[in-house]
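# Commentary on secondary and tertiary structure
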Amino acid sequence: MSEYSPFFQANDGVLYNGTGDQIVGIPLNKTTLDVPEEVERIDIPYLNSLQEITLHSMTPPSMDLGMLDHVKVHIPLGSYRNYLTAWGNRLDGHVIFVTEEGENTDYSITKDGVFSADGRILRQASESCYGLYVVPDQVEQIEADAFAESEHIDSVMIPDAVKVLDPESMNASGIERIYLYGSDETDTIPSISEDTFAIGEIAEDDGETEFSGPEIWVPEGQKEAYIEAWKDVLGAEIAEALIHEGFSYQTENGITWLETGMGTDEEGTALIHVEPDVSSFDEINDLVGKELNWTRIGARAFDLNFSMILLELPETVTEIDTEAFSRCIALEVILSDAEEYLQIGRDALANITSLKFVASNAMEILFERGSNIRGRFPFYVPEGNIQYYYPDDYVEPYLPTVTVVGFCNSYTAVPGDEGYFVYGLSDMMGSCTLMGATSDVSGTVSLPADGEYPLKTIMYGALYQCGEGEIRIPEEIAATVSEIGREAFAGSYIAGDLTFTDALTSVGTDAFSDCEMLESIHFNGEIPPALIFPTPGVAYQFGFDTADPQIEITVSDPEVYREDWKYYLSGYTPSALDSMKDEIM
C-alpha cells in the first residue's frame, strides 16, 4: 500500500479508507483489533478469526454483529449504556462486553427500552415506540430523560407500581398526556420534583396567567389527593390546572381505546389500535359493543390496515395523531365530519400510497409541525371562512405545501352496490359535485341528501379507473350536469347510455376514453357543450374516424354540432366532413 494513496491507508495490517473513519479490510487470520476513536464503520469479513476488539469511541461504530462469534469487546468507561442501547437486540452469541472498573452495568434492554438490570428503573424508552407508551408493570422509578430520545411518544401510561418520577423524567417536548394509576387509597401516588414535568406560563390579554404542560390524568375521585400530594412541589394553582380525573384503558375484540373524563365536559375517547381487517367506525363500535364519544385517532392506530378503502371520521373526532394511517395500503378517501376544528398530526397522512384525496367539513384546521403532505393529493375544505394554519415554529423545510381546495360547503359519501361515491355539497348553488369514488365502486349512481342537491359537476378524474362492476348514471341525474371534467370517466366501468341536456356546457379531454362498457352518449342540448382540451392538437376520442366507433354518439342537431366540434375531434379532415353524418351522427 502506497503511503501516498488518497483512497486507502493501512495500519497494523488493517486497511482503512482515505479519511480513516472506516475500516474496509481485516486479515482473516487476525485475532485482535484495536479501533481508533474516529472510526465510524467497521466492515467485518466473513470467516474472520476475531476474538477480541478494543473500541475507544463513546459512540458505537456501525458493524455487522452477526459476523462475530462470542467476541470480547472492550469499551471505554461510561459508554456501556450507549453500546447496550445501540446493539442490545443483536448481542446474544456475538458480543461479550468487557468494561472498565467503575462502569455502571446496571442495565437490561427489551423491546420497550432500556431498564435497570432488575427491570425496576426505566432508563430510556425505546425510540421505536409510537403514540401511547405503557410503562411495564414492574417499573418503580422513571429516570431523568427517559423519553428524551423518543420523539414519537405523545402519551405515557404509568402503573401504580411507580413510586418515583425523577427530575426531568417526563419533560420531553412531545409528551402531551400522562395517565397515572396510583391512588391515595393504595398509597401509590408517585413522588415528583419541581422539574419532573415541562410546565410553562402563558400570559393572557386579560391579565390572567394560564399554564402550559401535559394533561395529567388520574383515577376517578383522585384529583384532590394528587393536588394535595404535589401542591408543595408544583404549587396548588398549577396542580389544579394540569390534573384531570377519570380514565379507562380497554381492549376488546382487537380494538384498544382510552376513555377520559367520563361523565364530565372533558369526556372523550382516543382510538389507540385497530386490527388490520377493520374497515369503518361502524365496525369498530360493533366490536367494542357500544358507541363511544370518539375524539382522537391515536398514533399509528390504523397502522398496516389493508381493509379500509374509504374511512369516514365521526363528527366528534377533532385530532388525528402522528402517522395515524401509516401504511394503510388500500385507503383511498378520508372524510372528516368535524364541523369546527380538526388537528392533523405529524405525518398523519404519510405513506398512504393509494390516497386520492382528503375532505373535511371543519372550518378551522391545524397542520402540526411535520404534517408534510407536499401536495400529493387535494385536501378539500369548506368554502368560505376556512382557516388552515401551521404552528409559529414552522420553518422550511418543514412547512407543508398542502393543496387545499375549498369550493363546497360540506362533503359526504353515498354507497353504491359496492364501494362509495363521494360528493361535495354547495348550499349557495343548491347543487352537488361528484368528486370521486372508491376504485371498487359499482351500481347505479344516487345523490346525497335524498336528491335535494342535483348533480352539477363531475370533477376531473372523478371515476378514473373505478369499478369492479357496472356503473350507471340514470337519465334524470345526468340531465342536470353542466360540467364534465378531464378524464372524468376514463378507464371506468361506466356502462349503458348517458343522456345530457341543455344544462351541459363543457366536456373535458379524454372524459370518456377507454370506457369499454359505455354504449352510447346522447347530447340533446341545442347548443353544443364546449370541448375543453389542455393543448392544441389533442383530439377527442369520440371522433369521426372511419373505423367503427367504440361509443355511439348522437346529437340534437348534427349540422350545428359538426360545425362547432369538427376541429377538436379525432379523425377530422375537410375531406371527411361529408362522411361525418353517416358514420357517427
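Residues numbered from 1 in each chain as written. Predicted model: local features only at pLDDT ≥ 70, side-chain atom pairs only at ≥ 80, totals over all residues. Heavy atoms only, no water.

### Section: the overall build of the protein chain
The number of helices and strands found in the protein chain is 7 helices and 45 strands. Residue burial in the protein chain is summarised as follows: out of 585 residues, 49% are buried. As displayed, the protein chain has an accessible area near 27700 Å², and 45% of this comes from carbon and sulfur atoms. (Helix = DSSP H or I, 4+ residues; strand = E, 2+ residues; numbered from the N terminus. Buried < 20%, exposed > 50% of the residue type's maximum accessible area, 1.4 Å probe, protein only. Areas by Shrake-Rupley, 256 points an atom, 1.4 Å probe, with all protein chains shown as cover.)

### Overview of empty space enclosed by the protein
If you walk through the whole model with that rule in mind, you get 1 cavity of 30 Å³ or more. Counted as a void, the largest cavity has a volume near 30 Å³. In this structure, the largest cavity is lined by Phe500, Thr501, Leu504, Phe523, Asn524, Gly525, Ile527, Pro529 and Tyr561. Across the lining of the largest cavity, the residue classes break down as 6 nonpolar, 3 polar and no charged. (1 Å grid on protein atoms, 1.4 Å probe; cavity = no way out; pocket = protein on both sides within 12 Å on 5 of 7 lines; lining within 4 Å. Points joined across faces, edges and corners; volume = space filled by probe spheres on them. Nonpolar A, V, L, I, M, F, W, Y, C, P; charged D, E, K, R; others polar.)

### A few points about the pattern of salt bridges
Within the structure shown, the criterion is met by 19 salt bridges. Linking Asp106 and Arg123 is a salt bridge whose minimum nitrogen-to-oxygen distance equals 2.9 Å. Residue Asp106 is located in the loop between β8 (95-98) and β9 (108-110), and its partner Arg123 is located in strand β11 (residues 121-125); the two are separated by 17 residues in the primary sequence. Lys356 is the partner of Glu332 in a salt bridge, and the nearest nitrogen-oxygen pair spans 3.8 Å. Taken as a pair, Glu332 in the loop between β26 (319-320) and β27 (333-336) and Lys356 in the loop between β28 (341-344) and β29 (357-360) lie far apart in primary sequence, 24 residues in all. Residues joined in a network through salt bridges with shared partners are Asp154, Glu176, Arg177, Arg296, Glu319 and Asp321. (Salt bridge = Lys/Arg side-chain N within 4 Å of Asp/Glu carboxyl O.)

### Re the packing of aromatic side chains
Under the defined criterion, the tally for this structure stands at 19 aromatic pairs. Here the aromatic rings of Tyr226 and Trp230 are separated by 5.1 Å at their centres, their planes lie at 90 degrees, and the arrangement is edge-to-face. In this pair, Tyr226 and Trp230 both sit in helix α2 (residues 223-234), 4 residues apart, roughly one turn of the helix. The same class applies to Tyr226 as to Trp230, namely buried. (Phe/Tyr/Trp six-rings, centres within 6.5 Å; stacked < 30°, edge-to-face > 60°.)

### Considerations on the sheet that holds β8
The strand order across the open sheet built from 4 strands is β4-β6-β7-β8, with neighbouring strands paired in parallel fashion. With partners counted over all chains shown, the strands left at the sheet margins are β4 (32-35) and β8, one partner each. Sheet twist, expressed as the average angle between the axes of neighbouring strands with direction ignored, equals 20 degrees. Summarising the sheet, strand β7 (residues 71-74) and β8 pair through 4 bridges and their orientation is parallel. Bridge assignment links His74 to a residue of β8, and that residue is Val98. Sheet strands in contact with helix α1 (residues 80-87) are β6 (52-55), β7 and β8, and its direction is about 170 degrees off that of β8. (Pairing = 2+ DSSP bridges. Axes fitted to C-alpha atoms, helices over the stretch in contact; angles between N-to-C directions. Contact = heavy atoms within 4.5 Å.)

### Looking at a negative patch on the surface
The grouping of Glu127, Asp145, Glu149, Glu151, Glu168, Glu194 and Asp195 at the surface amounts to a negative patch. By secondary structure assignment, the location of Glu151 is in the loop between β13 (141-142) and β14 (153-158). For Glu151, a relative accessible area of 54% gives the class exposed. (Patch = residues over 30% accessible without salt bridge, like charges linked within 9 Å, V, L, I, M, F, W, Y side chains within 5 Å. Lys, Arg positive; Asp, Glu negative; His and termini not counted. Charge placed at Lys NZ, Arg CZ, Asp CG, Glu CD.)

### Structural notes on the environment of Ser5
When you line up the elements, Ser5 lands in the segment before β1 (8-11). Among the residues examined, Ser5 registers a relative accessible area of 24% and is labelled partly exposed. Sequence separation between Ser5 and Asn17 is 12 residues; the distance between their C-alpha atoms is 9.9 Å.

### A look at the side chain of Thr438
Take Thr438: it is sitting in the loop between β36 (431-437) and β37 (443-444). Here Asp440 takes part through its side chain, which lies 2.7 Å from a polar atom of the side chain of Thr438. Sequence-distant contacts of Thr438, defined by excluding residues within four places in its chain, comprise Ile309, Leu310, Glu332, Lys356, Gly419, Tyr420 and Cys466. (Polar contact = N/O pair within 3.5 Å; in protein donor to acceptor, adjacent residues only side chain to side chain.)

### Digging into the confidence of the model for the protein chain
Taken as a whole, the protein chain shows an average pLDDT of 88; of its residues, 87% reach a score of 70 or greater. In this model, residues 394-400 is a region of pLDDT below 50 whose contacts with residues beyond four sequence positions or in other chains number 19 contacts. In this model residues 544-548 is a low-confidence stretch, pLDDT under 50, and it forms 10 contacts with partners more than four residues away in sequence or in other chains. (pLDDT = per-residue confidence, 0-100.)

### Comments concerning the pairing of β11
Burial analysis of β11 places 5 of its 5 residues in the buried class, the great majority of the element. Taken together, the 3 bridges between strand β10 (residues 113-115) and β11 define a ladder with antiparallel strand orientation. Residue Val114 lies in a different strand from β11, and its bridge partner there is Gln124. In this antiparallel pair of consecutive strands, β10 and β11, the connection spans 5 residues, and Gly119 shows a positive phi of 80 degrees.

### What to know about helix α6 (residues 558-565)
Of all the residues in α6, the buried ones are Pro558, Tyr561, Arg562 and Trp565. Considered in projection along α6, the buried side chains sweep an arc of 100 degrees and stay on one side of the axis. In this structure, α6 carries Glu559 and Glu563 as exposed residues pointing more than 90 degrees from its buried face. (Arc of directions from axis to C-beta.)

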